[in-house]
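# Structural characterization, general
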Amino acid sequence: MPAPATRPAIPRLAQPMAGDLADAELLTLAQEVRATQQRLLGFPANTRLDHSADLAASLLGVLLNNVGDPQAPDPYGMGSKDFEQEVVEILAWLAGAHPADTYGYLAPSSSYGIGHGLKLGRDRLPDAPVYYSSAAHYAVPRQIDLLRMEAVQVPALPDGRMDTIALERACRARPGRGAVVLATIGTTMTGAIDPLPEIRRAASPAGPVHLHADGALGGLVAALAPPPERRPWAFDGGADSVTVSGHKFLGCPIPCAIVLARKDLVRPAGQGEYVGNHRDATLACSRSGLAAILLWRTLARLGLGGLEKQVLGCLEVADYAQQRLTELGLHAWRHPGSITVVLDPPPPEVRARYSIPVEDGIAHIIAMPHVTPELVDEFCDALHQPHPPAGSRS
């Protein structure tokens, strides 16, 4: 790399800040983010956080590093693996698996977890392409590329579900190679749920199938919705590996995800002496012990009944939002059992204020646990206000 023509200015962090200026900047950021999140309608994150300041101060005063395999003993006594495994246990149970037959751990994100699920498929079926929907998360092609696997994009139906007829056609064109299929449980824009049993049948002409279910947002809603909206979405629907976000519906303040897989498919990698000579099957040696504890605390405080109540409340708010937006003529609709409400794109000013994404001519709001009927009313009132035409300076 050629040397710069002039020496760059000394970075600001090269010198210590005087007094409490550093903390002041961070507190200002926290206030700004808190104000923005009070109106967060379009991003799939639960901002209803209730972790006490005393608890946060205590946990931030120690390094919590879940180093090495999650099921191996902690060689240094500075982790929270027992809490991590209790989180894995309840998520495996909600995903329709027996916890004793399930391998799981806390990953940095759902996209990372998708990469691990696809790698398990590649280990089983080295010649198999990855079949994924055009409505899958944008990070999926990146994970496929990192794994150097062949990518086959399958079109999505207009409502966002994978076109299983197109999937079967693509698999018949590649017989005998097997299929690694990425199904989405709650697509980004429409909240569609890909039908796992139907997908597995459609992929069978390719040979053996590894099915990964990306349940980042929609998994827990599908698991806990009242009948008849409750449906198989993970192992109970034929999945071999699963991801669920920790910062979306569950509201962990640290981005993370729970990765789950059939234990018989997991092959531990090499062992490290400094982690007690235990073999490690994760893709990263160190994991956030703090995220595991905060997730554990949320689940412990809610319990199964609290989670079900939270899902029911979100579905009720989504139904209310759909009714209000329909009354405004915004062609609002949603899938049964989904907390994602699709609508016509609002004016740019309203989209910016409420963080509403627009893609392919549609927008959405997501009835996360922090979204109330009052916030929906505020959003609808904002749609009634006069707005300057696009491109104007007023």
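That block above? That's the structure.
Residues numbered from 1 in each chain as written. Predicted model: local features only at pLDDT ≥ 70, side-chain atom pairs only at ≥ 80, totals over all residues. Heavy atoms only, no water.

### Describing the overall build of the protein chain
- Looking only at helices and strands, one finds eleven helices and twelve strands in the protein chain.
- At 23 Å, the protein chain has a C-alpha radius of gyration in line with the 21 Å of a compact globule built from 394 residues.
- Overall size of the protein chain, expressed as C-alpha extent along the three principal axes, is 60 × 60 × 60 Å.
- The buried share among the 394 residues of the protein chain stands at 48%. (Helix = DSSP H or I, 4+ residues; strand = E, 2+ residues; numbered from the N terminus. Rg over C-alpha atoms; globule rule 2.2 N^0.38 Å. Buried < 20%, exposed > 50% of the residue type's maximum accessible area, 1.4 Å probe, protein only.)

### Looking at the packing of helix 3 (residues 81-94) against helix 9 (residues 289-327)
- The contact between helix 3 and helix 9 brings their axes to 9 Å, and the two run at 35 degrees. The two elements helix 3 and helix 9 meet at a crossing, and its hand is left-handed. Where helix 3 approaches helix 9, its residues Phe-83, Glu-84, Glu-86, Val-87, Ile-90, Leu-91, Trp-93 and Leu-94 are matched on the opposing element by Ala-292, Ile-293, Leu-295, Trp-296, Leu-299, Leu-304 and Leu-307.
- Residue composition of the contact of helix 3 with helix 9, grouped by class: 13 nonpolar, no polar and two charged. (Axes fitted to C-alpha atoms, helices over the stretch in contact; angles between N-to-C directions. Left-handed = near helix turned anticlockwise from the far one by under 90°. Contact = heavy atoms within 4.5 Å. Nonpolar A, V, L, I, M, F, W, Y, C, P; charged D, E, K, R; others polar.)

### A short note on the nonpolar core
- The biggest cluster of nonpolar side chains holds 86 residues, and the ones touching the most others in it are Leu-325, Ile-339 and Phe-379.
- Among the nonpolar cores identified, the runner-up in size contains 13 residues, and Leu-118, Leu-125, Ile-144 and Leu-147 belong to it. (Core = buried A, V, L, I, M, F, W, Y, C linked by side-chain atoms within 4.5 Å.)

### Quick word on a nonpolar patch on the surface
- A cluster of nonpolar side chains, contributed by Leu-26, Leu-29 and Val-33, occupies part of the molecular surface with about 270 Å² of accessible area.
- Relative to the assigned elements, Leu-26 resides in helix 1 (residues 21-37). (Patch = residues over 30% accessible without salt bridge, like charges linked within 9 Å, V, L, I, M, F, W, Y side chains within 5 Å. Areas by Shrake-Rupley, 256 points an atom, 1.4 Å probe, with all protein chains shown as cover. Salt bridge = Lys/Arg side-chain N within 4 Å of Asp/Glu carboxyl O.)

### Observations regarding the layout of surface pockets
- Roughly 930 Å³ of volume is contained in the largest pocket.
- Of all the secondary-structure elements, those providing two or more residues to the lining of the largest pocket are helix 1, helix 2 (53-60) and helix 9.
- For the lining of the largest pocket, the leading source of residues is helix 1, giving seven residues.
- Of the residues contributing to the lining of the largest pocket, the split by class is 18 nonpolar, eight polar and three charged.
- Here the second largest pocket defines a volume of roughly 500 Å³. (1 Å grid on protein atoms, 1.4 Å probe; cavity = no way out; pocket = protein on both sides within 12 Å on 5 of 7 lines; lining within 4 Å. Points joined across faces, edges and corners; volume = space filled by probe spheres on them.)

### Some remarks on the environment of Leu-265
- Tracing the backbone through its elements, the reader meets Leu-265 in the loop between strand 7 (257-262) and strand 8 (271-272).
- Taking C-alpha positions, Leu-265 is 8.7 Å from Gly-121, a pair spaced 144 residues apart along the chain.
- Beyond its immediate sequence surroundings of up to four residues, Leu-265 is in contact with Leu-120, Arg-124, His-210 and Asp-240.

### Topic: the environment of Cys-171
- Note on placement: Cys-171 falls in helix 6 (residues 164-172).
- By relative accessible area, which is 0% here, Cys-171 ends up buried.
- Apart from residues no more than four positions distant in its own chain, Cys-171 is found in contact with Tyr-131, Ala-179, Ala-202, Ala-203, Pro-205 and Ala-206.

### What to know about the pattern of salt bridges
- Enumeration according to the criterion identifies 19 salt bridges in this entry.
- When the shortest N-O distance is used, the salt bridge between Arg-200 and Asp-240 registers 2.8 Å. With a gap of 40 residues between them, Arg-200 in helix 7 (residues 196-203) and Asp-240 in the loop between helix 8 (218-224) and strand 6 (241-245) connect regions that are remote in the sequence.
- Overall, the relative accessible area of 3% leaves Asp-240 in the buried class.
- One salt bridge in this structure joins Arg-334 and Asp-319, with 3.6 Å as the shortest N-O distance. Taken together, the residues Arg-334 in the loop between helix 9 and strand 10 (340-343) and Asp-319 in helix 9 connect sequence positions 15 residues apart.
- Under the relative-accessibility criterion, Arg-334 is labelled buried at 17%.
- Using a relative accessible area of 31% as the deciding quantity, one classes Asp-319 as partly exposed.

### A short note on unusual backbone geometry
- For the bond from Pro-227 to Pro-228, the omega torsion is 5 degrees, close enough to zero to count as cis.
- On the secondary structure map, Pro-228 appears in the loop between helix 8 and strand 6.
- The phi angle at Ser-355 is positive, at roughly 55 degrees, despite the residue not being glycine.
- Note on placement: Ser-355 falls in the loop between helix 10 (348-354) and strand 11 (358-359).
- Given a relative accessible area of 25%, Ser-355 falls into the partly exposed group.

### Thoughts on the packing of helix 9 against helix 11 (residues 373-384)
- Two elements in contact, helix 9 and helix 11, have axes whose closest approach is 10 Å; the angle formed by their N-to-C orientations is 20 degrees. Relative to helix 11, the element helix 9 lies roughly parallel. Considering the relative orientation of helix 9 and helix 11, their crossing is right-handed. From helix 9, Val-317, Tyr-320, Ala-321, Arg-324 and Leu-325 reach across to helix 11, where they touch Pro-373, Val-376, Asp-377, Phe-379, Cys-380 and Leu-383. (Parallel < 35°, antiparallel > 145°, perpendicular 65-115°, else oblique.)

### Some words on the sheet that holds strand 10
- A sheet is described by the order of its strands in space; here three strands give the open sequence 10-12-11, paired in antiparallel fashion. Two strands lie at the open edges of the sheet, namely strand 10 and strand 11, each paired on one side alone.
- One ladder, built from two bridges, connects strand 11 with strand 12 (residues 362-366); its direction is antiparallel. Bridge assignment links Glu-359 to a residue of strand 12, and that residue is Ile-362.
- Against the sheet, helix 9 engages strand 10 and strand 12, with an angle of about 10 degrees to strand 10. (Pairing = 2+ DSSP bridges.)

### Brief notes about the sheet that holds strand 5 (residues 209-214)
- Sheet architecture is open: seven strands sit in the order 1-7-6-5-4-2-3, paired in mixed fashion. For this open sheet the edge positions go to strand 1 (102-107) and strand 3 (151-154), each flanked by a neighbour on one side alone. Shown here is a sheet whose adjacent strand axes are inclined to one another by a mean of 20 degrees, direction ignored.
- Here four bridges tie strand 2 (residues 130-133) to strand 3, and the two strands are oriented parallel to one another. Its bridge partner being in strand 3, Ser-133 is matched across the sheet by Val-154.
- Sheet strands in contact with helix 7 are strand 4 (179-184) and strand 5, and its direction is about 150 degrees off that of strand 5.

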